Every structure is written in structure tokens, then in C-alpha cells.
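# Observations on chain architecture
Chain residues, written in single-letter form:
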Amino acid sequence: SGVTVTDIERHYVFLSEFMWEVVDKRSDGKLITIYDLEGTKFADLSGVVMKVFRTVSALYQEFYPERSEAILIINAPSWFTMGWMALSPFVAANTKKKLSIVGSS
């Protein structure tokens, strides 16, 4: 019962395909992604959350590598640097260049 990692992966594929096949059919269309981490606790980065992050990141890096214009992480808590150190090895170098992290202060 509940939502599985596979369910989330399929949802991201559906949203992405809808975005590029219906909303913006241009072959050079770009996406700006914003993650708001306000209120997020370190404990929220559980095994399932990390698995979803790795799965979705791999999916976007494999099938939509040039669609991302920028990725903004806003309201990042002070502990986020440690979390980013754990996540960053799973992120492609090209994606890291597009990433901006802004703290909450």
C-alpha cells in the first residue's frame, strides 16, 4: 500500500513527456526546476527519499540531459551542505553546473 519508487518514477516520466509533447513542443525547450527545502529536516533524507532522488536524477540525466536550464534549491537549511555531499556523487557534472543553492537566511 502507498506510493512506491516505481510509481514516482512513472509520474516523473508522465509529467516530463506531457511537458515536452503537449505544453512545449519545441525541441530546444528548457526547464527551470525549483526545490523549496523550507522546514526540511536532516532525518527527512531517509533511504526511500535518497532512492527516489537517485532514480529521478538518473532518469533525467539519461533521457532529458539538455532540457534543464537551471536548478534552484531555495531555503536550504544549514545542514544541507552535509546532505549535498552525500547526494552530489549521483549528480552529473553538467547538472552540477546548473545548480544554485540559496540558504534560508
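In this report, the structure presented in the accompanying data block is examined. (Residues numbered from 1 in each chain as written. Predicted model: local features only at pLDDT ≥ 70, side-chain atom pairs only at ≥ 80, totals over all residues. Heavy atoms only, no water.)

### A short note on the packing of aromatic side chains
Geometrically, a pair of aromatic rings is defined through the distance of the ring centres and the angle of the planes. For clarity, the cut-off: Ring geometry is summarised as follows: Phe, Tyr and Trp rings, the Trp one being its six-membered ring, pair when their centres sit within 6.5 Å, and such pairs are stacked at plane angles under 30 degrees, edge-to-face over 60 and tilted between the two. Strands are runs of DSSP state E lasting at least two residues, helices are runs of H or I lasting at least four, and both sets are numbered from the N terminus onward. A 1.4 Å probe rolled over the protein chains alone gives each residue an accessible area, and that area as a share of the maximum for its type sets the label: buried under 20%, exposed over 50%, partly exposed in between.
All told, the structure shown has 5 aromatic pairs when counted by the stated rule. Relative to Trp79, the ring of Phe42 has its centre 5.4 Å away and its plane inclined at 80°; by these criteria the two rings are edge-to-face. Residue Phe42 is found in the loop between strand E1 (31–36) and helix H2 (47–63), and its partner Trp79 is found in the loop between strand E2 (68–76) and helix H3 (80–87); the two are separated by 37 residues along the sequence. Overall, the relative accessible area of 44% leaves Phe42 in the partly exposed class.

### As for the layout of surface pockets
Short version of the rule: In this analysis a 1.4 Å probe is tested at points of a 1 Å grid over the protein atoms alone, and where it fits but cannot get out there is a cavity; an open set with protein on both sides within 12 Å along at least five of seven lines is a pocket; lining residues have an atom within 4 Å of a point. Grid points are joined across faces, edges and corners, and a volume is the space filled by probe spheres set on the points. In the scheme used here, Gly and all other residues not listed as nonpolar or charged are polar, with Ala, Val, Leu, Ile, Met, Phe, Trp, Tyr, Cys and Pro taken as nonpolar and Asp, Glu, Lys and Arg as charged.
Roughly 850 Å³ of volume is contained in the largest pocket. Tyr35, Phe53, Val56, Ser57 and Ile71 are the residues nearest the centre of the largest pocket, which is lined by 32 residues in total. Secondary structure elements with two or more residues in the lining of the largest pocket: helix H1 (5–23), E1, H2, E2 and H3. The dominant element in the lining of the largest pocket, judged by the number of residues it contributes, is H2, at 8 residues. Here the residues of the lining of the largest pocket are counted per class, giving 23 nonpolar, 6 polar and 3 charged.

### Examining the nonpolar core
We count it as follows: Side-chain atoms within 4.5 Å are what join buried Ala, Val, Leu, Ile, Met, Phe, Trp, Tyr and Cys residues into a set we call a nonpolar core. Every residue pair with non-hydrogen atoms within 4.5 Å of one another is taken to be in contact.
Judged by nonpolar contacts, Leu37, Met50, Ile71, Ile73, Ala76, Trp79, Phe80, Trp84, Leu87, Val91 and Leu99 together constitute the single largest core of 11 residues. Put simply, the parts of the chain that give this core at least two residues each are E2 and H3. Once you skip the residues sitting within four places of it in the chain, Leu87 turns out to touch Met50 and Phe53.

### A word on the pairing of E1
In summary, the side chains of a regular strand alternate between the two faces of the sheet. Stated formally: Any two strands with at least two DSSP bridges between them are considered paired. A clockwise path from the first strand over the helix to the second, with the strands pointing away from the viewer, defines a right-handed crossover.
Bridging between E1 and E2 involves 6 bridges; their strand directions are parallel. Across the sheet, residue Thr33 finds its bridge partner in E2, namely Ile71. At this point the chain moves from E1, through H2, to the parallel E2, and the crossover so formed is right-handed.

### Things to note about a nonpolar patch on the surface
Selection criterion: Here a patch means residues that are over 30% exposed by relative accessible area and free of salt bridges, tied together within 9 Å if like-charged and within 5 Å if nonpolar (Val, Leu, Ile, Met, Phe, Trp, Tyr). Throughout, the Shrake-Rupley method with a 1.4 Å probe supplies accessible areas, and for residues the shown protein chains are the sole cover considered. Should a side-chain nitrogen of Lys or Arg be within 4 Å of a carboxyl oxygen of Asp or Glu, the pair is scored as a salt bridge.
The grouping of Phe14, Leu15, Phe18, Val22 and Val23 at the surface amounts to a nonpolar patch, some 490 Å² of accessible area in total. Assignment of secondary structure puts Phe18 in helix H1.

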